[in-house]
Number of protein chains: 2
Amino acid sequence: MQALRFHEFGKPLEVLRLEELELPSLDDGEVRLKMLAAPVNPADLNLIEGTYGVKPPLPAVPGIEGCGEVVESRSPDFVAGDRAIILRRAGSWASHVQISAEHLFKLPAGMDVQQAAMLKVNPATAWRLLTGFERPAAGSWIVQNAANSAVGRCVIAVAKSLGIRTMNLVRREELRDELLALGADEVLLDDDAAVESAKQREIRPVLGFNCVGGESALRVMNLLAPGATHVTYGAMARRPLTVPNGLLIFKDLKFRGLWITKWIEGAPKEEVREVYGELAKMIVRGELTMPVDRIFPLAEFAGAIEALAAPERNGKVLLAP
Amino acid sequence: MQALRFHEFGKPLEVLRLEELELPSLDDGEVRLKMLAAPVNPADLNLIEGTYGVKPPLPAVPGIEGCGEVVESRSPDFVAGDRAIILRRAGSWASHVQISAEHLFKLPAGMDVQQAAMLKVNPATAWRLLTGFERPAAGSWIVQNAANSAVGRCVIAVAKSLGIRTMNLVRREELRDELLALGADEVLLDDDAAVESAKQREIRPVLGFNCVGGESALRVMNLLAPGATHVTYGAMARRPLTVPNGLLIFKDLKFRGLWITKWIEGAPKEEVREVYGELAKMIVRGELTMPVDRIFPLAEFAGAIEALAAPERNGKVLLAP
C-alpha cells in the first residue's frame, strides 16, 4: 500500500512523503478499504504542523476523512464492494485503510463518491452548529461569516431543510447570486457598512457562526440578538476573538466553540449514525452539494496543498488514490 | 428632600450637584424611605458617564442600591420604622426615596445598616456567579480574579457556605493571609508564574469569574478545566476579553456574562426574595461581611468619588445622608 506520511511536525510540503508500506494483517472485526477519495482539509494541515487539538504519534498518516470501498472484511456488517466513510482520524491519505467496522458509516446506494468523501466533517459541522446549541425555531435567523466556505454552504442547505433563515457574510460581492441560488436568505458583504444596514432592518439572528476571527467575528457578535449564542468553529484569520465586555455583561451573548471530532467520537453511536443517515439522504436527493475545485493523485500531494491555499480556489481539494 | 443629580452625562465630579427637591406625594402601594446608607459603586459612575447598560432619562439621581427606614407607608406590607433595601435603580443618593413596596426587600431584625446598604449588588452577584451557570458540586473548585474586591470577598464567603473551593488571584502578596482568613482555599498572585504553578498542582476549576479583562481574564481561562464556564461580570481594566480560538474549539470553554440588575428585575419575585433572605441571614450570622473604607455625607460626594479611585482604599465607600 501507499501512504503519505510525516515523521516530524512541520510545514506540510517539507515533511510529507509518499511511502510504500506493508499491508497489515486484518484482525477480527476489522475491514480493509481501498480509498476512493479523501479531502485536503485545513485541519489536516494543522495536524501536520502540530497545531491541531491532538498530536498523533509519529510517524503519522494525515487525512481526517475519506470514502473507500471494502476489499476485505472480517466484520459481519460489511462485505467486499460496500462503500463507507471513516468516522475516525485513521489516515485517509493512503491507498488503503484498515479499521474496526464500528468506526465506519456504510453509504446508501447511489451516493456520489466525491460528495461522500466530504460527508464526515463539513456537513456534520453544519448540522451541529444548527442543532447542537440553542436550536432556532423555524422562521428565525442565524448569521455566519465565510458563508462561501464548504461549511458555510452546508449551513445554508441544512438550515433550509430545517426552515431556518440565514444571513450570510462574504468577502466578495460576486458570491451573492451564487449563495442566493443555494437558498441563502440574505447575503451581505463582510464589512461595517453592510452590518449597519442589516441592523437597521431589524433582523436579529439568535445564533451566529464564526470561522474567521478578528473583525469578522466581532461583526457577527454585533448582528446577534441579545441573549444569542456565538459559536466559533474555525480560525481562518488566525486571530483570537476580541469580545467587548458589554456584549457579555449587558447584551448577554454566549460564546461557545465546536470541534466536530469531539462530537463524532463522544456522542452516542446511534445519534451519530442517525445524523449521517439524514445528511447522506440530503446529498442523494441533491439538497446538499459541496463543490470540488480539483482532484489530485496521492503522488501529486504538493499540488493539492498548493491548490488549497490558492485565492482562486472554488471548492474542496481532493486526493484520489 | 436633598438629592445628588446630574443633568447631562459626563465626568461625575463635573456634572453631579447636590440639589433641594420637593418631596413628591405618595401614591397607593408606595412607601417613603429616609435613606440611611448608599454605596458608591463603579456602576454608579458608569451610569453618570453614560456608559452603563441603560441610560436613565435626565435629570437623574444616581445610586443603584441603598438601605432606608420607612417614614410613611401606603402599602399594607410596611409600617413606619421598618427597614428595607431597594431592589430597583431608584436613585439612592438622596435623603429620601419613594417607591412601590413591591420593589423593596424588608430587612430582618438586627441587621447592620451599612452591610444592608451593600446587600443588593455584590452578595447577589456572588450568589448568581456560583449558582446561575453550571452549579459546581461540593468539593469542586472555582477560580476568580480581583479576589479582594467586594464581590470577590462575597464569592469566598458564599462558596464556603456551599462547600465549593476557591482559587483566588490577587495583585498584592500581602492580601494572601487576609483572604485565607476569610475562608479562601488558595490565594495566588495574578501573574503567569503563579498560574503555571497552579496548573502543575492539577487543580482544575469548573467555573471562572472575571471582573478585570485583558491578561488577567486570560489567566482565568488557562486555569479552567476543559468544558468549564468563564463568566465576566466587570471590566476593571477597561480592556476587552481576548479569547484564543483553541480555548473555544478544542478546550470547549464556555463564555458568559452576568449583569445582576437583569436577574433582579427579570427573575421570579419569589426566587429573588428567597436569595436575599439567605444572604441577609449570612450577614446577620457574621458569615458574610463587606469591609467599609469610608462614609461621607451627601454634601461631600466629591470626596466619596475620589475615595473610590484611591489606590489605598480598603473596602466600600458609602454615602450616609
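Each value, and the rule that gives it
- Residues numbered from 1 in each chain as written.
- Chains lettered and ligands numbered in written order.
- Predicted model: local features only at pLDDT ≥ 70, side-chain atom pairs only at ≥ 80, totals over all residues.
- Heavy atoms only, no water.
- pLDDT = per-residue confidence, 0-100.
- Core = buried A, V, L, I, M, F, W, Y, C linked by side-chain atoms within 4.5 Å.
- Buried < 20%, exposed > 50% of the residue type's maximum accessible area, 1.4 Å probe, protein only.
- Helix = DSSP H or I, 4+ residues; strand = E, 2+ residues; numbered from the N terminus.
- Domains from an automatic or database assignment.
- Contact = heavy atoms within 4.5 Å.
- Axes fitted to C-alpha atoms, helices over the stretch in contact; angles between N-to-C directions.
- Parallel < 35°, antiparallel > 145°, perpendicular 65-115°, else oblique.
- Nonpolar A, V, L, I, M, F, W, Y, C, P; charged D, E, K, R; others polar.
- Buried area = accessible area lost by both parts, 1.4 Å probe.
- Salt bridge = Lys/Arg side-chain N within 4 Å of Asp/Glu carboxyl O.
- Polar contact = N/O pair within 3.5 Å; in protein donor to acceptor, adjacent residues only side chain to side chain.
- Phe/Tyr/Trp six-rings, centres within 6.5 Å; stacked < 30°, edge-to-face > 60°.
- Lys NZ or Arg CZ within 6 Å of the ring centre and 35° of its normal.
- Least-squares fit on C-alpha atoms with pLDDT ≥ 70 in both.

### Some thoughts on the confidence of the model for chain A
Detailed reading of the predicted model is not advised wherever pLDDT is low.
Turning to step 1, where the next piece is worked out: Mean pLDDT over chain A: 94, with 100% of residues reaching 70 or higher.
Turning to step 2, where the next piece is worked out: Here the predicted complex carries an ipTM of 0.91, next to a pTM of 0.92.

### Here's the deal with the nonpolar core
Turning to step 1, where the next piece is worked out: Judged by nonpolar contacts, the single largest core of 56 residues is most densely connected at Ile85, Leu119, Phe209, Trp263, Tyr276 and Leu279 of chain A.
Turning to step 2, where the next piece is worked out: At the level of elements, β3 (30-39), α2 (42-49), α3 (113-117), α4 (122-131), α5 (150-162), β11 (207-210), α10 (260-266) and α11 (269-284) of chain A are the ones that each hand at least two residues to this core.
Turning to step 3, where the next piece is worked out: With seven residues, α11 of chain A is the single largest residue contributor to this core.
Turning to step 4, where the next piece is worked out: Composition of this core by domain shows at least three residues from each of domain 1 (2-118 + 290-319) and domain 2 (122-261) of chain A.
Turning to step 5, where the next piece is worked out: Look past the residues within four positions of tryptophan 263 of chain A in its chain and what remains in contact with it is Ala124, Arg128, Glu271, Val272, Val275 and Tyr276 of chain A.
Turning to step 6, where the next piece is worked out: Listed in part, the 51 residues of the second largest apolar core include Ala124, Val151, Phe209 and Val272 of chain B.

### Regarding the packing of helix α7 (residues 192-200) of chain A against helix α8 (residues 214-223) of chain A
If you want to describe how two helices pack, look at the angle between their axes and the distance between the axes.
All names here are of chain A.
Turning to step 1, where the next piece is worked out: At their nearest, the axes of α7 and α8 sit 10 Å apart, and the two run at 10 degrees to each other. It follows from the interaxial angle that α7 and α8 lie roughly parallel. Listed contacts from α8 to Asp192, Val195, Ala198 and Lys199 of α7 are Arg219, Asn222 and Leu223.
Turning to step 2, where the next piece is worked out: Taken together, the residues of the contact of α7 with α8 break down into three nonpolar, one polar and three charged.

### Observations concerning unusual backbone geometry
Generally, phi is negative for residues other than glycine and the peptide bonds are trans, each holding for most cases.
Residue and element names in this part refer to chain A.
Turning to step 1, where the next piece is worked out: In this model, leucine 58 is joined to proline 59 through a cis peptide bond whose omega is -5 degrees.
Turning to step 2, where the next piece is worked out: Note on placement: proline 59 falls in the loop between α2 and β4 (67-73).
Turning to step 3, where the next piece is worked out: Despite not being glycine, alanine 146 shows a phi value in the positive range, around 45 degrees.
Turning to step 4, where the next piece is worked out: Tracing the backbone through its elements, the reader meets alanine 146 in the loop between β8 (141-144) and α5.
Turning to step 5, where the next piece is worked out: Of note in the backbone geometry, aspartate 252 takes a positive phi value of approximately 60 degrees without being a glycine.

### Notes on the packing of α4 of chain A against α11 of chain A
Residue and element names in this part refer to chain A.
Turning to step 1, where the next piece is worked out: At a minimum axis separation of 10 Å, α4 and α11 run at an interaxial angle of 110 degrees. With respect to α11, the axis of α4 lies roughly perpendicular. Along its contact with α4, which presents Pro123, Ala124, Trp127 and Arg128, the element α11 presents Glu271, Val275, Tyr276, Glu278 and Leu279.
Turning to step 2, where the next piece is worked out: Its residues assigned to classes, the contact of α4 with α11 shows six nonpolar, no polar and three charged.

### Describing the interface of chain B and chain A
Turning to step 1, where the next piece is worked out: Listed by partner, the interface residues are 26 residues for chain B and 26 residues for chain A.
Turning to step 2, where the next piece is worked out: On the chain B side of the contact with chain A, Asn245, Ile249 and Phe250 of chain B bury the most area, a combined 28% of that side's loss.
Turning to step 3, where the next piece is worked out: Inspection of the chain B/chain A interface yields two salt bridges.
Turning to step 4, where the next piece is worked out: Here lysine 262 of chain B and aspartate 252 of chain A are joined by a salt bridge, their closest N and O atoms 3.2 Å apart.
Turning to step 5, where the next piece is worked out: Along the contact surface separating chain B from chain A lie seven residue pairs in polar contact (both at pLDDT 80 or more).
Turning to step 6, where the next piece is worked out: Going through the elements one at a time, β13 (241-243), α9 (245-249) and β14 (254-257) of chain B are the ones with two or more residues in the side of chain B that touches chain A.

### Details of the environment of leucine 175 of chain B
Residues and elements named next belong to chain B.
Turning to step 1, where the next piece is worked out: Inspection of the secondary structure assignment puts leucine 175 in the loop between β9 (165-170) and α6 (176-182).
Turning to step 2, where the next piece is worked out: Note on leucine 175: relative accessible area 7%, which makes it buried.
Turning to step 3, where the next piece is worked out: Expressed as a C-alpha distance, the spacing of leucine 175 and asparagine 148, which sit 27 residues apart in the sequence, is 7.4 Å.
Turning to step 4, where the next piece is worked out: Discounting chain neighbours no more than four positions away, the residues touching leucine 175 are Asn148 and Val170.

### Side note on the packing of aromatic side chains
Turning to step 1, where the next piece is worked out: This structure, assessed with the given rule, holds 11 aromatic pairs over all chains.
Turning to step 2, where the next piece is worked out: Geometrically, the ring pair formed by tryptophan 259 of chain A and phenylalanine 250 of chain B is edge-to-face, given 4.7 Å between the ring centres and 80 degrees between the ring planes. With one member in each of two chains, tryptophan 259 of chain A in the loop between β14 (254-257) and α10 and phenylalanine 250 of chain B in the loop between α9 and β14 form a pair that bridges those chains.
Turning to step 3, where the next piece is worked out: Assessed through its relative accessible area of 15%, tryptophan 259 of chain A is described here as buried.
Turning to step 4, where the next piece is worked out: The exposure class assigned to phenylalanine 250 of chain B is partly exposed, which follows from its relative accessible area of 26%.
Turning to step 5, where the next piece is worked out: Between phenylalanine 105 of chain B and tyrosine 276 of chain B the ring centres are 6.0 Å apart and the planes differ by 45 degrees, which places this aromatic pair in the tilted class. With a gap of 171 residues between them, phenylalanine 105 of chain B in strand β7 (residues 104-106) and tyrosine 276 of chain B in helix α11 (residues 269-284) connect regions that are remote in the sequence.
Turning to step 6, where the next piece is worked out: Assessed through its relative accessible area of 9%, phenylalanine 105 of chain B is described here as buried.
Turning to step 7, where the next piece is worked out: Members of the aromatic cluster, each reached through a chain of ring pairs, are Tyr52 and Trp259 of chain A together with Phe250 of chain B.
Turning to step 8, where the next piece is worked out: The positively charged end of lysine 106 of chain A is found above the aromatic ring belonging to phenylalanine 78 of chain A, 4.9 Å away from the centroid.

### What about the relation of the copies chain B and chain A?
Turning to step 1, where the next piece is worked out: When chain B is fitted to chain A, the best match, at an RMSD of 0.0 Å, comes from turning it 180 degrees and sliding it 0.0 Å along the axis. In short, the pair behaves as if placed about a two-fold rotation axis.

### Examining the domain arrangement of chain A
Residues and elements named next belong to chain A.
Turning to step 1, where the next piece is worked out: You can read the domains of chain A as domain 1 (2-118 + 290-319) and domain 2 (122-261).
Turning to step 2, where the next piece is worked out: Domain 1 and domain 2 are separated by 29 Å when their C-alpha centres are compared.
Turning to step 3, where the next piece is worked out: At the interface, 11 residues of domain 1 touch nine residues of domain 2.
Turning to step 4, where the next piece is worked out: Of the roughly 700 Å² buried between domain 1 and domain 2 on both sides combined, carbon and sulfur atoms contribute 49%.
Turning to step 5, where the next piece is worked out: On the surface where domain 1 and domain 2 come into contact, there are zero salt bridges.
Turning to step 6, where the next piece is worked out: Linking domain 1 with domain 2 are two residue pairs in polar contact (both at pLDDT 80 or more).
Turning to step 7, where the next piece is worked out: Across the side of domain 1 that touches domain 2, the residue classes tally to five nonpolar, four polar and two charged.

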